[in-house]
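Listed below are the residues making up each chain.
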Amino acid sequence: AIGIIYAARIIGAAGYGVFSYALNLAGLFTIFSDIGVSSILTREAAKSASWRTRTQYLSTAFFIKICLLILSIALVIFVAPFFTRIKEAIPLLSVIAFLLAFDSLRDFGFAFVRALEKMQVEAAIKIFTNLAIVALGFLALFISATGRSFTIGYTLGSGLGLVAIIWALKSQFSKIFTNFRKELISPLVSSAWPFALFGLLGGLMINTDMIMLGWFRPAQDLGFYAAAYKPVQLFWIFPTLLASSFFPILSRLANKNNEKFRLIFEKALAVVFLVGLPLVAGGLVLSHDFIKVLYGREYLPAIPVFRILLFTVLLVFPGTLIGNAVFSFDKQKKLIGYFLLGALGNVFFNFLLIPIWGISGAAI
């Protein structure tokens, strides 16, 4: 958060808009870089009592992951440039492709760590990674106050985080070739295919706002929208962390002790609402000062967008927990229709409202 906000101040709304646009465009082309393999790895490894079986799942899922990442990087570098009207974003795409690959591989390592219920390892590496991103991002901006320079610093920091998770799991990764089992590919992919759809639809939900704004509005407006969106995304981290922490426990209890499952799930929902409701109320009251302090006067046009997007907290906070609960029962296919409705609705209303209300229309 510190690094992004500082960069937004230094490179200005237009420069920050180009950076955010390139990140979202690349994100749309890397939505198949996981297809749910990481989540399947967490679930199956958490259920297995055998250490050998766990490492076999890790090795097989890793090779699937690598193949998907190679395809995703190629799409970002060679195909994504044909889908943008913001030409300043094109030079950033090759760097951002590797940034997203580093992030994706690090999250894959975290998926195995969660299965072992060693969240302290994940926490330590996340802290280290973000410190590295801030330090190298600041250094890059000191050397050259441009969006490309900041992107390079950000990517190097993310790469250090990947090195850290590989080091933490070095005993497992040292046997990554010998533990590979081709017979596990089919069940992993079979379980994961609904997540390929979720990835596509989720990518549409998250990334299409910026991409469609890029068709209708100038880079400066993209910067205002990204500035409003970033704090709200940071708020979303809370339910994501809570859901990830509870997921291995819920996976073990699902269909085995549903009463205990229900009690734990209801307590988790209560916690997210206790945090979410005052967060929205406080954000609405303090939005003007909040944006002004974070970004400076240049970004005051972002305030209406920030106020609108705050209401997503009341949807995302419980929605994240509900999604993981459904996944614990292996009923994720039931969610596909609802994800499709949301994703297509987002595209439709963007086409309808952006020409009328600009960035506020995208937020609505």
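Below you will find a few notes about this structure.

## Focus on the overall build of the protein
The number of helices and strands found in the protein is 14 helices and 0 strands. Going residue by residue from the N terminus, the α and β elements of the protein occur as α-α-α-α-α-α-α-α-α-α-α-α-α-α. With respect to the principal axes defined by its C-alpha atoms, the protein has extents near 55 × 40 × 35 Å. Among the 364 residues that make up the protein, the fraction classed as buried is 53%. Put simply, 84% of the contacts in the protein that link residues at least 6 apart link residues at least 24 apart. In the protein, 30 side chains carry a positive charge and 15 a negative one; their mean positions are 5 Å apart.

## What to know about the packing of helix α1 (residues 2–29) against helix α4 (residues 90–115)
Where α1 contacts α4, the axes come no closer than 9 Å and their chain directions differ by 60 degrees. By the angle between their axes, α1 is oblique relative to α4. Our pair here, α1 against α4, has a crossing hand that is right-handed. Contacts between α1 and α4 involve Val 18, Phe 19, Ala 22, Leu 23, Leu 25, Ala 26 and Gly 27 on the former and, on the latter, Leu 92, Leu 93, Ile 96, Leu 99 and Leu 100. Of the residues that constitute the contact of α1 with α4, the class distribution is 11 nonpolar, 1 polar and no charged.

## Observations regarding the packing of aromatic side chains
Tallied over the entire structure, the rule returns 21 aromatic pairs. Plain terms: the ring middles of Phe 62 and Phe 108 are 6.1 Å apart, the flat faces sit at 50 degrees to each other, and that makes the pair tilted. Here Phe 62, found in helix α3 (residues 51–78), pairs with Phe 108, found in helix α4; they are 46 residues apart in sequence, far enough to count as distant. Each member of the pair, Phe 62 as well as Phe 108, carries the same accessibility label: buried. Consider the rings of Tyr 295 and Tyr 299, whose centres lie 5.1 Å apart with planes at 40 degrees: the pair is tilted. Taking the relative accessible area as the measure of exposure, Tyr 299 reaches 0% and is therefore buried. Taken together, Tyr 16, Phe 19, Phe 150 and Tyr 154 form an aromatic cluster joined through their ring pairs. Directly above the aromatic system of Trp 167 lies the positively charged group of Lys 170, at a separation of 4.3 Å from the ring centroid.

## Points about the nonpolar core
Counting residues in hydrophobic clusters, the biggest one holds 108 residues, and the most contacted among them are Tyr 16, Tyr 21, Tyr 225, Tyr 299 and Leu 321. With 16 residues, the top contributor of residues to this core is helix α9 (residues 219–253). If sequence neighbours within four positions are ignored, Tyr 299 has contacts with Ala 8, Gly 12, Ala 13, Tyr 16, Gly 223, Phe 224, Ala 227 and Ile 291.

## With respect to the environment of Phe 198
Note on placement: Phe 198 falls in helix α8 (residues 185–216). On a C-alpha basis, the gap between Phe 198 and Phe 339 in space is 6.8 Å, while along the polypeptide they are 141 residues apart. Leaving out residues up to four positions away in the same chain, Phe 198 has contacts with Gly 203, Gln 332, Leu 335, Ile 336 and Phe 339.

Reading the values: rules and limits
- Residues numbered from 1 in each chain as written.
- Predicted model: local features only at pLDDT ≥ 70, side-chain atom pairs only at ≥ 80, totals over all residues.
- Heavy atoms only, no water.
- Helix = DSSP H or I, 4+ residues; strand = E, 2+ residues; numbered from the N terminus.
- Buried < 20%, exposed > 50% of the residue type's maximum accessible area, 1.4 Å probe, protein only.
- Contact = heavy atoms within 4.5 Å.
- Lys, Arg positive; Asp, Glu negative; His and termini not counted.
- Charge placed at Lys NZ, Arg CZ, Asp CG, Glu CD.
- Axes fitted to C-alpha atoms, helices over the stretch in contact; angles between N-to-C directions.
- Parallel < 35°, antiparallel > 145°, perpendicular 65-115°, else oblique.
- Left-handed = near helix turned anticlockwise from the far one by under 90°.
- Nonpolar A, V, L, I, M, F, W, Y, C, P; charged D, E, K, R; others polar.
- Phe/Tyr/Trp six-rings, centres within 6.5 Å; stacked < 30°, edge-to-face > 60°.
- Lys NZ or Arg CZ within 6 Å of the ring centre and 35° of its normal.
- Core = buried A, V, L, I, M, F, W, Y, C linked by side-chain atoms within 4.5 Å.

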